[in-house]
Amino acid sequence: MSVKKEKKYQFFNFKKIIWVLVTILLLLTIAASYTYSKVKSAQDSYQKTKIVYETKERKTPSNEIVKGSKPISLLLLGVDERENDSGRSDTMITVTLNPEKRSAKLISIPRDSYVEIAGKEKFDKINHAYAYAGIEGASKTVEQLFSIPIDYVVKINMDGVVDLVDLMGGVTVNNPTAFSSHGKDFKKGEITLDGESTLEYIRMRKSDPDGDFGRQNRQRAVLVGLAQQLKSAETIKKFDNLLIVMKHNMQTNIPMDQLNTLRKNYLTTIEKTEQLSLNEGTDMKKKGIYYYKLNTKQLEEVKDALNKHLELQ
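Values in this document were obtained by computation on a predicted structure and should not be read as measured data. (Residues numbered from 1 in each chain as written. Predicted model: local features only at pLDDT ≥ 70, side-chain atom pairs only at ≥ 80, totals over all residues. Heavy atoms only, no water.)

Asker: Explain the overall build of the protein chain residue by residue, including any values.
Answerer: The helix and strand tally for the protein chain stands at 11 helices and 14 strands. When the 313 residues of the protein chain are sorted by exposure, 55% land in the buried category. Summarising the internal contacts of the protein chain: among those between residues at least 6 apart in sequence, 68% fall at separations of at least 24. (Helix = DSSP H or I, 4+ residues; strand = E, 2+ residues; numbered from the N terminus. Buried < 20%, exposed > 50% of the residue type's maximum accessible area, 1.4 Å probe, protein only. Contact = heavy atoms within 4.5 Å.)

Structure representation (structure tokens):
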């Protein structure tokens, strides 16, 4: 049974979305053309992003699977960490990559989805999984939701996106709906945002007719705009500052010695991308708190699609 695509999302090229989150991790590859000091600086910065997370849903370690070019999965987390707050994973994108089929499947998980939180024996919004137990809690909850292993995780603090925007001199997006938020006005059409405006632009959802779906769409628009600029020749001149952004705003469990393999065997080979969706859920309230109840049938379709793509069934 085919999985319906989310009509509210503007579809973006997969590689551009992955680029902005993962290419900073691939700066080590860019650094190869520099002097030894630059390479060493990249290595040191990358080490500071390292976290330990290994899925227990695989019999074979993820790094061995990558060496054999087998299907793998990634979880991309955009985390909004504010003062005196453990943070919420406001953006959660699960990606499966099948190098033999040269294809990718991509699913954005609505932040208010009412799911069972791994290790807590309770249901709550899925973005609270990060608040409960950080990257491990978010990863295990997604594994539980889709019945798949999460091989690699890339987390970026949304403040890191702001730093990138300012570093790159702003980001241009095509805004679908005019709105105002916290004293900032965003007109409809093409607009250029600085870092502070970008944060307000990607956080707003109450004034969006598509609610959280609209906000996710705006977040991806910003990522695509940044991706275009990161690929420009001017990025090389800002190498040192990019390393600082990476060091302070990103975390991942991707081993440094697997970066080039991941790039060559997976990211550059993808020719076909399918964007899956969880758009058929319903609004619900419990004790006055809003939740998004996933459509059971659609969730099963998504689980089946991801499992088949990872060749787990």
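Asker: Before we move on, could you go through a negative patch on the surface and cite the residues and values that matter?
Answerer: A cluster of acidic residues, D159, D163, D166 and D194, forms a negative patch on the protein surface. With respect to the helices, strands and loops of the structure, D194 is situated in the loop between β10 (189–193) and α7 (195–203). Given a relative accessible area of 40%, D194 falls into the partly exposed group. (Patch = residues over 30% accessible without salt bridge, like charges linked within 9 Å, V, L, I, M, F, W, Y side chains within 5 Å. Areas by Shrake-Rupley, 256 points an atom, 1.4 Å probe, with all protein chains shown as cover. Salt bridge = Lys/Arg side-chain N within 4 Å of Asp/Glu carboxyl O. Lys, Arg positive; Asp, Glu negative; His and termini not counted. Charge placed at Lys NZ, Arg CZ, Asp CG, Glu CD.)

Asker: How would you summarise the packing of helix α6 (residues 158–167) against α7 if you had to cite specific residues and measurements?
Answerer: With their axes 8 Å apart at the nearest point, α6 and α7 run at an angle of 140° to one another. Here α7 runs oblique to α6, going by the angle between their axes. Viewed along their axes, α6 and α7 form a crossing whose handedness is right-handed. On the side of α6, the interface is formed by M158, D159, V161, V162, V165 and D166, while α7 contributes G195, E196, T198, L199 and I202. For the contact of α6 with α7, a count of residues per class yields six nonpolar, two polar and three charged. (Axes fitted to C-alpha atoms, helices over the stretch in contact; angles between N-to-C directions. Parallel < 35°, antiparallel > 145°, perpendicular 65-115°, else oblique. Left-handed = near helix turned anticlockwise from the far one by under 90°. Nonpolar A, V, L, I, M, F, W, Y, C, P; charged D, E, K, R; others polar.)

Asker: Would you mind going over the side chain of T94 in detail, with residue names and values included?
Answerer: Along the polypeptide, T94 turns up in strand β2 (residues 88–98). In this structure T94 comes out as buried when scored by relative accessible area, which is 0%. Not counting residues within four places of it along the chain, the set of residues in contact with T94 comprises L74, L75, K105, L106, I107, I109, V142, F146, I148 and I150.

Asker: Outline the packing of aromatic side chains, supporting the account with residue identities and numerical values.
Answerer: To describe a pair of aromatic rings, one takes the distance between the centres and the angle between the planes. Evaluation of the coordinates by the stated rule reveals five aromatic pairs. A centroid spacing of 5.4 Å and a plane angle of 35° characterise the contact between Y114 and F123, whose relative ring orientation is tilted. With a centroid separation of 5.6 Å and an interplanar angle of 50°, the aromatic rings of F186 and Y201 are classed as tilted. Taken together, the residues F186 in strand β9 (residues 184–186) and Y201 in helix α7 connect sequence positions 15 residues apart. Each member of the pair, F186 as well as Y201, is classed as buried. By way of ring pairs, the aromatic residues Y114, F123 and Y291 are connected into one cluster. Cation over ring: R218 sits above Y201, and NZ or CZ is 5.7 Å from the ring centre. (Phe/Tyr/Trp six-rings, centres within 6.5 Å; stacked < 30°, edge-to-face > 60°. Lys NZ or Arg CZ within 6 Å of the ring centre and 35° of its normal.)

Asker: How would you sum up the side chain of K125? Please name residues and give values.
Answerer: Residue position: K125 is located in strand β5 (residues 122–125). Side-chain polar atoms of K125 contact the backbone oxygen of Y290, separated by 3.2 Å. The residues touching K125, leaving out its near neighbours within four places in the chain, are R111, D112, S113, I117, I289, Y290 and Y291. (Polar contact = N/O pair within 3.5 Å; in protein donor to acceptor, adjacent residues only side chain to side chain.)

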